[in-house]
Amino acid sequence: MTAPIKMKAIGFTQSLPITDQDSLFEFETDIPEVKDNDLLVKVSATSINPADAKIRIRNAKDKTLEQPKVLGYDAVGEVIAKGSNVDGFEVGDRVYYAGDVTRMGANAQYQAVDYRITSHAPKSLSDESAAVMPLATLTAWEALFDRLRIRPEEKKSLLIIGGAGGVGSVAIQLAKQLTKLTVIATASRPETEQWVRDMGADHVVNH
């Protein structure tokens, strides 16, 4: 597939209240440049994270950006071009990733992303379902295995605050699938209590 020269995107130039008509707007821009380690992805689905809101609120608080900033970091799409250093991916592959806040985001028709932070999208998930997974999953994984340094054979208890949230939901599943931990999760409503049990929590505490 050959990418066009221009694409549509959604961005902002001022940190306005989200209720303001100009807080986000559609515009036309160049297709991103594909660097040696990049995949050029035709975006199929993206999701909204707290990071999107924080960046929009803070990045242009007392100024107007010369070029609109494009948000959106979790995304799913099809590879339509790749850089010379790319390994493990081919044109036509379906991929997902959490992106890079220093580069143009996924609220656009096309996005360039480093192949080293990209993975093949799960075949069992729709584009919409896959698009919500990367950042929450990475956060949960890093919390468990990079920060807490949990070892799979450890037989301890793990308390997950806000177990029904995105990161909490994934952390419960990772802990139950990959470790021998007893998982205690917090939830305060009947439906969220049931949700964390469905995710695999051994015990639920009302926070």
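Residue numbers run consecutively from 1 along every chain, following the written order of its sequence. Whole-chain, interface and lining totals are the exception, using all residues; otherwise, since this is a predicted model, local features are given only for residues with pLDDT of at least 70 and side-chain atom pairs are given and counted only at 80 or more. Side-chain measures were taken over the full set of non-hydrogen atoms in the model, leaving aside hydrogen atoms and water.

A.B. asks: Would you mind going over the overall build of the protein chain in detail, with residue names and values included?
C.D. replies: Helix and strand definitions follow DSSP, with helices as H or I runs of at least four residues and strands as E runs of at least two, each counted in order from the N terminus. Scanning the protein chain for helices and strands turns up five helices and 11 strands. With the principal axes as the frame, the protein chain shows a C-alpha extent of 55 × 40 × 30 Å. A simple rule labels every residue: compare its accessible area, found with a 1.4 Å probe on the protein chains alone, to the largest value its type can have, and call it buried under 20%, exposed over 50%, or partly exposed in between. Taking all 207 residues of the protein chain together, the buried fraction comes to 42%. Throughout, a contact is declared for two residues whenever any of their heavy atoms are within 4.5 Å. Expressed as a percentage of contacts within the protein chain between residues at least 6 apart in sequence, the contacts between residues at least 24 apart total 69%. Under the convention used here, Asp and Glu are negative, Lys and Arg are positive, and both His and the chain ends fall outside the count. Charged side chains are reduced to one point each, which is NZ for Lys, CZ for Arg, CG for Asp and CD for Glu. Taken together, the 24 basic and 28 acidic charged side chains of the protein chain have centroids lying 6 Å from each other.

A.B. asks: Explain the sheet that holds strand β2 (residues 25-30) to me, using residue names and the numbers behind them.
C.D. replies: Taken together, the three strands give an open sheet; going across it, the order is β2-β1-β4, and neighbouring strands pair in antiparallel fashion. The outermost strands of the open sheet, each flanked by one partner alone, are β2 and β4 (69-70). In short, DSSP must find at least two bridges between two strands for them to pair. Note that strand β1 (residues 6-12) and β4 share two bridges and pair antiparallel. Considered in β4, the bridge of glycine 11 is made with valine 70.

A.B. asks: Would you mind going over the pattern of salt bridges in detail, with residue names and values included?
C.D. replies: Salt bridge, as applied in this entry: a Lys or Arg side-chain nitrogen positioned within 4 Å of an Asp or Glu carboxyl oxygen. Applying the stated criterion across every chain, the model contains 12 salt bridges. Taking the shortest distance from any N to any O, the salt bridge between lysine 176 and aspartate 202 comes out at 2.9 Å. Residue lysine 176 is located in helix α4 (residues 166-178), and its partner aspartate 202 is located in the loop between α5 (190-199) and β11 (203-205); the two are separated by 26 residues in the primary sequence. Residue class for lysine 176 comes out partly exposed when judged on its relative accessible area of 31%.

A.B. asks: Hey, could you go over the sheet that holds strand β6 (residues 94-97) for me, with residue numbers and the actual values?
C.D. replies: Overall, antiparallel pairing links the five strands, which are arranged β7-β3-β5-β6-β8 in an open sheet. Each end of this open sheet is capped by a strand with a single partner; those strands are β7 (110-114) and β8 (118-120). Taking each pair of neighbouring strands and ignoring which way they run, the sheet shows an average axis angle of 45 degrees. Where strand β5 (residues 75-82) and β6 come together, four bridges link them in antiparallel fashion. Opposite valine 76, over in β6, you have tyrosine 96 as the bridge partner. Fitting a line to C-alpha atoms yields each axis, with helices limited to the stretch in contact; the angle taken between N-to-C directions then spans 0 to 180 degrees.

A.B. asks: Provide a residue-level description of the side chain of aspartate 74, including the pertinent values.
C.D. replies: Turning to its location among the elements, aspartate 74 is positioned in the loop between β4 and β5. Residues within four places of aspartate 74 in sequence aside, it is in contact with Ala45, Thr46, Ser47, Asn49, Tyr97, Ala98, Ala106, Ala131, Val132, Met133, Pro134 and Leu135.

A.B. asks: Talk me through the nonpolar core; I want residue IDs and the actual numbers.
C.D. replies: We call a set of buried residues a nonpolar core when its members are Ala, Val, Leu, Ile, Met, Phe, Trp, Tyr or Cys and they connect through side-chain atoms within 4.5 Å of each other. In terms of nonpolar packing, the biggest core is built from 20 residues, with Leu144, Leu158, Ile172 and Val196 touching the most fellow members. Only α3 (134-147), β9 (157-160), α4, β10 (182-186) and α5 provide two or more residues apiece to this core. Those residues within four positions of valine 196 in sequence are excluded, and the remaining contacts are Gly163, Ala164, Ile172, Ala185, Ala187, Ala201 and Val204. Listed in part, the 12 residues of the second largest apolar core include Val41, Val79, Val95 and Tyr97.

Everything listed here is a matter of coordinates, which is why it stays silent on function.
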